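# Overview (structure and organization)
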Amino acid sequence: MQLVIISGKGGTGKTTIAASFAYLSQDSIKCDCDVDASNLHIVLGGEDIEREPYIGAKAASIMPDKCIQCGACERMCRYDAIHDFKINPLKCEGCAACTVVCPANAIELKDEVTGDTLVTQTTRGILSRAHMIPGAEGSGKLVTDVRKKAKKYGTDEDLYLLDGTPGVGCAVMASITGCQGALIVVEPTQSGLSDFKRVLSVVHHFKVHPYICINKYDINERITKEIEAFCQEASIEVIGKIPFDTWVDTSINGLKPIVLYEESAAGHAIRDMWHDLQHKIG
Ligand code: SF4
Ligand code: SF4
């Protein structure tokens, strides 16, 4: 069973919930698919037991000893990456068009390391994650790599818990595809509602079963009711409603899952939601 936790945009409390689930489900294999801002390891701690450079892109370079300075590559490059027979690696998209037109075979495409994949042994089990160089592209492929690495540590019968990427880009698609369940975290704001509908359409597209969690449901009960009515109409289950709770900020600052704070109403609601979900996905 693979369960992904996603949201239509960042800042909805997705990671607060994912970190709590990761803590509560000791036996699950965790994947931090939020490769642009991975932080489950900060909450769960532990030691890295695997680290591998990630080749996420290619960049061209000119071999000066072979170049006959014909200028064909500069004319061909659509990304304005070539000037004076030199390639600017920051502009090069690795499309290889210049290698095709070069009459002297003077251009080679080289692998670019754009991050690392890591496996961390935490006190709550295995966590597969990645570190991406800021600004690097190709996060969707990196998410797929993170998921592949996790599979080495489990069987098909295990529960894989994925902290997905926010939004609806290729990284979130790479997080959702192949999962059986998706917990969508939504906040009751007008923009939260439309972001939720967009991400829900992606979940439907991949034929993944959606569960809805309304975070900070009491900050706008009118929109919360609107979300609930929409879900009822679409026969989608609202599995959790988390109240606004200042303990959440305390837990973020303390780098601990909110479920460890006994006084926290949000922590209790997340625990209840997890128990409910466990029965459903059992
Ligand atoms: S690989 Fe493509 S983007 Fe890079 S320099 Fe060559 S033509 Fe330009
Ligand atoms: S196409 Fe090849 S030979 Fe011509 S300028 Fe570019 S690198 Fe040099």
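Conventions adopted
Residues numbered from 1 in each chain as written. Chains lettered and ligands numbered in written order. Predicted model: local features only at pLDDT ≥ 70, side-chain atom pairs only at ≥ 80, totals over all residues. Heavy atoms only, no water. Near = heavy atom within 4 Å. Nonpolar A, V, L, I, M, F, W, Y, C, P; charged D, E, K, R; others polar. 1 Å grid on protein atoms, 1.4 Å probe; cavity = no way out; pocket = protein on both sides within 12 Å on 5 of 7 lines; lining within 4 Å. Points joined across faces, edges and corners; volume = space filled by probe spheres on them. Helix = DSSP H or I, 4+ residues; strand = E, 2+ residues; numbered from the N terminus. Pairing = 2+ DSSP bridges. Buried < 20%, exposed > 50% of the residue type's maximum accessible area, 1.4 Å probe, protein only. Contact = heavy atoms within 4.5 Å. Core = buried A, V, L, I, M, F, W, Y, C linked by side-chain atoms within 4.5 Å. Axes fitted to C-alpha atoms, helices over the stretch in contact; angles between N-to-C directions.

Per an unreviewed UniProt entry, the chain goes by the name 4Fe-4S binding protein and belongs to Vallitalea pronyensis.

What follows covers the site of ligand 1. Taken together, Ala 60, Cys 77, Tyr 79, Ile 82, Ile 87, Cys 92, Glu 93, Gly 94, Cys 95, Ala 96 and Cys 98 make up the full set of residues near ligand 1. Of the residues assigned to the shell around ligand 1, the class counts are 9 nonpolar, 1 polar and 1 charged.

Right, let's get into the layout of surface pockets. Think of a ball as big as a water molecule: rolled over the atoms, this probe shows where empty space is left. Put simply, the largest pocket is a space of about 560 Å³. If you go around the largest pocket, you meet 35 residues; those closest to its centre are Gly 13, Thr 15, Thr 16, Val 248 and Ile 252. Among the secondary structure elements, those contributing two or more residues to the lining of the largest pocket are α1 (14–24), α2 (40–44), α9 (247–253) and α10 (265–281). A class-by-class count of the residues in the lining of the largest pocket yields 16 nonpolar, 11 polar and 8 charged.

Bringing the pairing of strand β6 (residues 107–122) into the picture now. Sheet topology places strand β3 (residues 47–62) next to β6; 14 bridges connect them, and they run antiparallel. Across the sheet, the residue bridging to Arg 51 is Leu 118, located in β6. Following β6, the chain reverses through 2 residues before pairing antiparallel with strand β7 (residues 125–132).

Moving on: the site of ligand 2. With respect to spatial proximity, the complete set of residues near ligand 2 consists of Ile 62, Cys 67, Ile 68, Gln 69, Cys 70, Gly 71, Ala 72, Cys 73, Phe 85, Cys 102, Pro 103 and Ile 107. Among the residues making up the shell around ligand 2, the classes are represented as 10 nonpolar, 2 polar and no charged.

Looking now at the environment of Glu 74. Inspection of the secondary structure assignment puts Glu 74 in helix α3 (residues 72–76). When its relative accessible area of 33% is taken as the criterion, Glu 74 is described as partly exposed. With residues near it in sequence (within four places) discarded, Glu 74 still touches Ile 82, His 83 and Asp 84.

On to the pairing of strand β8 (residues 160–163). Residues Tyr 160 and Leu 162 of β8 are buried on one face, and the alternating residues Leu 161 and Asp 163, pointing to the opposite face, are buried as well. Relative to β8, strand β1 (residues 2–7) runs parallel, the two sharing 4 bridges. Considered in β8, the bridge of Leu 3 is made with Leu 161. Two strands pair when backbone bridges link them, and strand β2 (residues 29–32) and β8 are joined in this way by 4 bridges, in the parallel orientation. In the strand pairing of β8, Asp 32 is matched with Asp 163.

The subject of this paragraph is the nonpolar core. Soluble, globular proteins show a tendency: their nonpolar side chains are buried together. Residues Ile 6, Ile 176, Ile 184, Phe 196, Ile 212 and Ile 227 are the most contacted members of the largest nonpolar core, which totals 38 residues. Broken down by element, this core gets its largest block of residues, 6 residues, from helix α7 (residues 190–205). Contact partners of Ile 184, with chain neighbours within four places excluded, come to Ile 6, Phe 196, Val 199, Leu 200, Val 203, Pro 210, Tyr 211, Ile 212 and Cys 213. Counting 27 residues, the second-largest nonpolar core is a separate cluster that includes Ile 5, Ala 22, Leu 24 and Ile 239.

What follows deals with unusual backbone geometry. At Asn 105, a residue that is not glycine, the phi angle is positive and equals roughly 50 degrees. One can find Asn 105 in the loop between α4 (97–101) and β6. A positive phi angle is found at Lys 207, which is not glycine, with a value near 55 degrees. Within the fold, Lys 207 resides in the loop between α7 and β10 (209–215).

So, on to the sheet that holds β1. In spatial order, the strands read β3-β6-β7-β2-β8-β1-β9-β10-β11; together these 9 strands make up an open sheet with mixed pairing. Of all the strands in the sheet, just β3 and β11 (237–242) have a single pairing partner and so form its edges. Shown here is a sheet whose adjacent strand axes are inclined to one another by a mean of 20 degrees, direction ignored.

Assignment of secondary structure puts Trp 274 in helix α10. Expressed as a C-alpha distance, the spacing of Trp 274 and Cys 95, which sit 179 residues apart in the sequence, is 45 Å. In this structure, Trp 274 is in contact with Leu 3, Phe 21, Leu 24, Ser 25, Leu 159 and Leu 161, ignoring residues within four places of it in sequence.

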